[in-house]
Every structure is written in structure tokens, then in C-alpha cells.
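So the chains spell out like this:
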Amino acid sequence: MPHQAASVLRPRLLLGIAVFLLVALPASAEPRFTAFYGQDCTLCHVNPTGGGLRNLYASQYLVPEELAGAVDRDQGLGSLNPELTPGLIVGADLRTLLYQREGGDGSTFSMQGDLYVHAQPIREVGIYLEQGQSRSGEIFGSLHVMPADGWIKAGRFIPDHGWRFADHQMSTRRYLYDSQGTDDPGVHYASGLEAGIQPGILTLTGSVQEVARGQPDPRIGDNYAYRGLLQKTIVGLRLGAGGSVVRRRTADGHVRAAGGFWYVGAGPLTWLGEVDETNQEGRLGLLAAHEIAWRFARGWELVGSYGFQDPDRSEKNGARQRAGGGIQVMPTPYFAGTVMVHRWWTDEGPAIPDEEATEIQLVAHFFF
């Protein structure tokens, strides 16, 4: 490690990391739980395509009884009930990030501040409201009357595509609509209609979204997303494989991403992967993302990740890569903490400036 990178890892910072792990608290619902349990996202979430508000099963049983570390039940931990009245539940995700890069650059800021409300006046109808600190969030009504446990959603939502990684720096999220990358969560939201069905081991979703005003010749179906996932457990191996495509019309044409994603779970080990071909302003690119996790004790996980982006495969004009590893701990229900070390590097070219850096991230997460 270069001298500058080593200087970041001062004893004071390492002590801070140790204290943080002992007294603080990330781990929200993550796509790898699909691989760990061999179940669909509806195991934990109100939203049938995952993310956001956890359902009562997740918040009152799965988190306190299986995911969190040892808890003294006499202290009341794990007894939080988000159901205000029958048919009305609330929730929240609050994340704060502290990061330090080699060379002295660093900061602390709020990553996420989302509040959720889900009303279900009757069994077949749901109303979902999410308010984020960036004024973004999913707001939709859902109707659950279709065969094969199907649903229809209308409103604003994140179109279903690939894995919905919580890490906003994952390549398949950060560069999905912008070859230079964007951290604005608002780019992932769209308004429209979505439908899905779950016939047995197969999950299929499809949606059409509105075209922004001012774009030339808007047509129904210009913006869409389709996703399919097949899940099966074979001889103790939890397996999943699927494909998806998402398309957005822009003033300059359109952006599109299409590819495959998968998971493998064996005991406490999980591996999630995704590869997408992108078409941005007529340039064909490649995105790849991988996450491997090992749950070595209740409430403790080792996590490794890797991401790759090539904005134009036909031209040798550069590529980006990021690899990282760390630990996630959930000492008590509703509180979790993550420490990750990431290394960024590039194959420099006309489209990719030279960049190499080592970064330490600490995330504190409160959720219910």
C-alpha cells in the first residue's frame, strides 16, 4: 500500500473503528437475503419488488430472532411493533456515512433518511408512501387480485431491474443511466404502471413509465423495464438466475441496459452477480457487479464486492474497477454497522480519467 494510503490507517482511526463496531450499529434488507433464504423479496418487504418498508414478519421475527446478535429480551429490544393499527404500518431507514480517502480527503454525511407508511384498508388494496431526504421516494397504490400471487402497481417507483443493491456505488447502479456515474437517487425513479406474477419458482415483472415532458415524439412504451427470476434449491444449494432489461428515452435518444443476474447460496455463504450491456448515446458498454458474503456468527458477516464499468467496448478508451471488503454487524435489532475498505483504479483512456484511491467507509444504520 502506498505511503499515503498507509497514513490513513492511523492507530486513532483503527481505534475509532473498533469502538464503532462495539457501540454502533448497517445492514438493511439486502438482496443477498434472497440468496441466504432462497426466497423472493416479498419475504421481508411490503413492496413486491423489494426495498423500502419491511413487513411485520421481517421487523418482528426475522430481524430480532435470526439476523441480530444476542439480545436481552428483558430490556425490550426486539419488541418494536411498527403496526400502529390493523392495516397501517410505518418504518424508517436512517444511514450516516463517514469516509476517509488516502491523501486526507474525507467527510461525514447523511446517506439516507427515509420514512415509510403503508396502508391496507382491505386485503387486496395497498397504499405505499415513502419520503426521502432528497425528496425522492416510491409512492404507489397496489392491487393484489391477479392470479399466481400477482399484483398491479400505479404511481412512482424504481423499475425492477437486476439486483437492487443498497450500495449506491455498485457499478450496476451508479453507471446504469450515466457513463460518468451519478449519486443522485432520483434518476432511478419513474412514474407509471407495473405488474407482476409469481407462478411457483418463477417471478415475472414488467412496467411502462411516462416520458418526460419536452422529449421529442413521446410514445407509450418508450420507457419500460422487464425482469424474470427463476429460483430453485437443489441438493442443499440455493440457486437463482434471471434476466432483465430497462430502457429510458432521453433528449438525445435513449439509454438501455440488458443482461443477466444470479445468486448461489450454500449454508452461510452467498454470492450475487450481475452483468449488463449498456447502450448510452449509441455506445455499447459493459457493467458487472459481484457480492460475496459469509455469515460466520449470528449478527456478523464478512462481505466482499467487486464492480467493473467499460463505457464503450468497441473503443479502447478506458474502464473503471472497484474492489472492497469488510464486516457488517447487527449487535441488536434495528441497529447495524458496516466497516468497508474499497480500492478504486482505472484503465486510463479518453473516456476515463486516471484514478487510484483507497477509501475507508463506516456506516451507521437505524431501521425498523
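Along each chain, residues carry numbers from 1 onward, in the same order as the chain's sequence is written. Where totals are concerned, whole chains, interfaces and linings use all residues; where local detail is concerned, this predicted model gives features only for residues with pLDDT of at least 70, and gives and counts side-chain atom pairs only at 80 or more. With hydrogens and water excluded, all non-hydrogen atoms of the structure serve as input to the side-chain values.

S.K.: For this particular structure, what's the right way to read the nonpolar core?
M.R.: In globular proteins that are soluble, nonpolar side chains generally tend to be buried together. Definition used in this section: a nonpolar core is a set of buried Ala, Val, Leu, Ile, Met, Phe, Trp, Tyr and Cys residues joined via side-chain atoms within 4.5 Å. To sort residues, take the accessible area from a 1.4 Å probe on protein chains only and compare it with the maximum for the residue type: under 20% means buried, over 50% means exposed, and anything in between is partly exposed. Core analysis: the largest hydrophobic core is formed by 14 residues, its most contacted members being Val63, Leu67, Met330, Phe367 and Phe368. Elements with a contribution of two residues or more to this core: α4 (56–67) and β2 (88–101). The helix count covers DSSP runs of H or I at least four residues long, the strand count covers runs of E at least two residues long, and both are numbered beginning at the N terminus. The greatest single-element share of this core, amounting to four residues, is contributed by α4. Other than its neighbours up to four places away in sequence, Leu67 contacts Phe33, Tyr37, Leu62, Arg295, Arg298, Gly299 and Met330. Contacts were defined at the residue level, with two residues in contact if any of their heavy atoms lie within 4.5 Å.

S.K.: Would you take a moment to explain the pattern of salt bridges for this structure?
M.R.: Between side chains of opposite charge, a pair can form as their charged atoms come close. Any Lys or Arg side-chain nitrogen found within 4 Å of a carboxyl oxygen on Asp or Glu counts as a salt bridge. Tallying each qualifying case throughout the model produces 14 salt bridges. In this structure, Arg249 and Asp222 form a salt bridge, with 3.3 Å as the shortest nitrogen-oxygen distance. Of this pair, Arg249 sits in strand β10 (residues 237–250) while Asp222 is found in the loop between β8 (202–209) and β9 (223–234), placing the two residues 27 residues apart along the sequence. Using a relative accessible area of 14% as the deciding quantity, one classes Arg249 as buried. The class of Asp222 is buried, set by a relative accessible area of 6%. For Glu277, the salt bridge identified is with Arg313, shortest N-O distance 2.6 Å. On the criterion of sequence distance, the pair formed by Glu277 in strand β12 (residues 269–280) and Arg313 in the loop between β14 (300–310) and β15 (319–332) is long-range, its members being 36 residues apart. The partly exposed category is assigned to Glu277, whose relative accessible area is 28%. For Arg313, a relative accessible area of 38% puts it in the partly exposed group. A network of salt bridges, in which partner residues are shared, links Arg32, Glu291, Arg295 and Glu301.

S.K.: What should I look at first to understand the pairing of strand β13 (residues 283–297) in this one?
M.R.: Two faces make up the sheet, and in a regular strand the side chains alternate between them. Bridge analysis of β12 against β13 gives 12 bridges, and the strand direction is antiparallel. Of the residues in β13, the one forming a bridge with Glu277 is Leu286. The criterion for strand pairing is that DSSP finds at least two bridges linking the strands in question. Counting the residues between successive antiparallel strands, the hairpin from β12 to β13 contains two residues, one of them, Glu281, with a positive phi of roughly 55°. Direction of pairing for β13 relative to β14: antiparallel, over a ladder of 11 bridges. Each residue of the ladder has a partner; that of Leu287, found in β14, is Gln309. Hairpin connection of β13 to β14: two residues between the antiparallel strands, including Gly299 at a positive phi of 85°.

S.K.: Is there a simple way to think about the side chain of Glu301 in this case?
M.R.: Along the polypeptide, Glu301 turns up in strand β14. For the purposes of these results, a polar contact is taken to be a pair of N or O atoms within 3.5 Å, where, inside protein, one atom must be able to donate a hydrogen and its partner to accept one; residues adjacent in sequence count only when each atom of the pair is a side-chain atom. For Glu301, the side chain forms a polar contact with the side chain of Arg32, separated by 3.1 Å. What Glu301 contacts, discounting residues up to four positions off in sequence, is Arg32, Ala293, Trp294, Arg295, Phe296, Gly326, Ile327 and Gln328.

S.K.: I would appreciate a short explanation of the environment of Leu237 in the present structure.
M.R.: Along the chain, the position of Leu237 falls in strand β10. Along the primary structure Leu237 and Ala266 are separated by 29 residues, whereas in three dimensions their C-alpha atoms are 5.2 Å apart. For Leu237, the residues in contact, after removing those within four places along its chain, are Lys232, Gly265 and Ala266.

S.K.: Can you walk me through the environment of Gln100 in this structure?
M.R.: Checked against the element boundaries, Gln100 lands in strand β2. When the C-alpha positions of Gln100 and Glu359 are compared, they lie 5.6 Å apart, and in sequence the two are 259 residues distant.

S.K.: Teacher, can you tell me more about the packing of aromatic side chains here?
M.R.: Geometrically, a pair of aromatic rings is defined through the distance of the ring centres and the angle of the planes. Put simply, two rings from Phe, Tyr or Trp (the six-membered ring, in Trp's case) pair if the centres are within 6.5 Å, and we call them stacked under 30 degrees between planes, edge-to-face over 60, tilted for the rest. Tallying each qualifying case throughout the model produces 14 aromatic pairs. Ring plane angle 10° and centroid distance 4.9 Å describe the contact between Tyr128 and Phe140, whose orientation is recorded as stacked. One end of the pair, Tyr128, is in strand β4 (residues 125–131); the other, Phe140, is in strand β5 (residues 139–146), and 12 residues separate them in sequence. Among the residues examined, Tyr128 registers a relative accessible area of 0% and is labelled buried.

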